[in-house]
Amino acid sequence: VSYYGGKTIHTFTSSGAFHNTTGSTLTVEYVMLAGGGGSGGHIGGGGGAGQYKSEPINVPTSPQPVVIGGGGASAPGDFGFPGKGNNGANSSFNGITIYGGGGGGSGGNSTGAPGAPGNGGNGGSGGGAAYYGGNSGPWPGGTGYGPGGNPGGTGYWASSAHHGSGGGGGAGGPGSNAGPNGTAGSGGNGTRIPTTFHDPDQAPGPGTGNTVGGGIGSPGPAGGFYVAGGGGGGNQSAPPTLAGGDGGYGGGGRGRRGGSQCTNPRGATSGIMNTGSGGGGGGETPTYVTGGRGGSGLLLIAYPTT
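Residues numbered from 1 in each chain as written. Predicted model: local features only at pLDDT ≥ 70, side-chain atom pairs only at ≥ 80, totals over all residues. Heavy atoms only, no water.

(A) Local environment of the overall build of the protein. What the protein contains, in helices and strands, is zero helices and 18 strands. At a minimum sequence separation of 6, the contacts of the protein that also span at least 24 residues come to 61%. For the protein, the computed accessible surface area is about 10,700 Å², with 52% contributed by carbon and sulfur atoms. (Helix = DSSP H or I, 4+ residues; strand = E, 2+ residues; numbered from the N terminus. Contact = heavy atoms within 4.5 Å. Areas by Shrake-Rupley, 256 points an atom, 1.4 Å probe, with all protein chains shown as cover.)

(B) Structural view of the nonpolar core. In this structure, F18, F93, L299 and I301 are the most contacted members of the largest nonpolar core, which totals 17 residues. Elements supplying a minimum of two residues to this core: β4 (26-33), β5 (52-59), β8 (96-98) and β18 (298-304). A total of four residues in this core trace back to one element, the largest contributor, which is β4. Counting residues in each nonpolar core, the second largest holds 15 residues, with V31, L33, F225 and A302 among its members. (Core = buried A, V, L, I, M, F, W, Y, C linked by side-chain atoms within 4.5 Å. Buried < 20%, exposed > 50% of the residue type's maximum accessible area, 1.4 Å probe, protein only.)

(C) Quick peek at the packing of aromatic side chains. Across all of its chains, the model carries five aromatic pairs by this definition. Where F18 meets F93, the ring centres are 6.1 Å apart and the plane angle is 85°; that geometry is what we call edge-to-face. In this pair, F18 is assigned in strand β3 (residues 16-18) and F93 in strand β7 (residues 91-93), connecting sequence segments 75 residues apart. Accessibility assignment for this pair places F18 and F93 in one class, buried. Aromatic pair Y99 and Y145: ring centres 5.3 Å apart, planes at 70°, arrangement edge-to-face. (Phe/Tyr/Trp six-rings, centres within 6.5 Å; stacked < 30°, edge-to-face > 60°.)

(D) Spotlight on the sheet that holds strand β12 (residues 218-220). Spatial strand order, β11-β13-β12: three strands in an open sheet with antiparallel pairing. One side of each edge strand has no neighbouring strand; the edge strands of this open sheet are β11 (191-192) and β12. As judged from the two bridges shared by β12 and strand β13 (residues 223-227), these two strands associate in the antiparallel manner. Bridged to G220 within β13 is G223. (Pairing = 2+ DSSP bridges.)

(E) Seen up close, the confidence of the model for the protein. Put simply, the protein has an average pLDDT of 86, and 81% of its residues get 70 or more. In this model residues 110-115 is a low-confidence stretch, pLDDT under 50, and it forms ten contacts with partners more than four residues away in sequence or in other chains. (pLDDT = per-residue confidence, 0-100.)

(F) The arrangement of the environment of A171 in detail. Looking at where A171 falls in the secondary structure, it is placed in the loop between β10 (162-164) and β11. In this structure A171 comes out as buried when scored by relative accessible area, which is 16%. Taking C-alpha positions, A171 is 8.9 Å from G48, a pair spaced 123 residues apart along the chain. Sequence-distant contacts of A171, that is, excluding residues within four places in its chain, are made with A49, Y52, S125, G148, N150, N189, G190, T191 and A228.

(G) Summary view of the sheet that holds β4. Pairing is antiparallel in the open sheet, where five strands are placed in the order β1-β2-β18-β4-β5. The open sheet has two edge strands with one neighbour each: β1 (2-4) and β5. Adjacent strand axes in the sheet meet at a mean angle of 25°, parallel and antiparallel pairs treated alike. (Axes fitted to C-alpha atoms, helices over the stretch in contact; angles between N-to-C directions.)

(H) Structural detail: the environment of G279. Mapped onto the elements of the fold, G279 is located in the loop between β15 (257-258) and β16 (283-284). For G279, a relative accessible area of 0% corresponds to the buried category. Along the primary structure G279 and G187 are separated by 92 residues, whereas in three dimensions their C-alpha atoms are 9.3 Å apart.

As structure tokens, this is what we get:
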């Protein structure tokens, strides 16, 4: 519990219960995030962000269970058919449930049932799609659920040396598509929480860039307090300058850049904890490498201090 701007603020980073001790119905402002989706494995798509919801509601005097969804695990880095990354878990409060982000699709070889492993998963925001070896696609990204849910980007197989996967969707925009030259898609940007919760003591930690956490959210164009960014897609490409996809503002993980012909590989990262962001896609460097897991969810509750 903290105090800022004349408000009492409850911050839940794990499950518990909210107790209204006023003796009557209490009107609160809240921000809730579900868990972000895990990335795809072998040259995988980025995970989608968990659903974001913020509005005023009335809370009764009875204790209200709080469920904070965990981030989804990434798919294995195996070639073949590793399946999608796991969806993030749902979050709930005061009878309201929101959906975890969709898992990223995983790349596979061309000898099985076409398409399914490469497609991005559906969720709060959709996961990015991977390539499916020998079939140029593009494979579709996952669909976002409900208001504020955005789709993941498409994956693309161009040649044996150039594969790219799409970025996961974020609460502020869709994941971008992979390019035909092996360029991976970036994660969709997240959104900034309301100013009610911009307590300087809860700001993201020092530093720059999307990987900075340590407070509420991560940095973005207007400052701190961004959440629910999509994870960037992974890729394999001969030119070392073609990077894996960047995570979206709000804590999305960075996609893996690599491949046996890449002289400057770069690792994948997970979504930042308690931002509901998606994990960055896996790669190949030259062995198969798993990507990042999704970031866990969050609940913030504010009401006037008396």
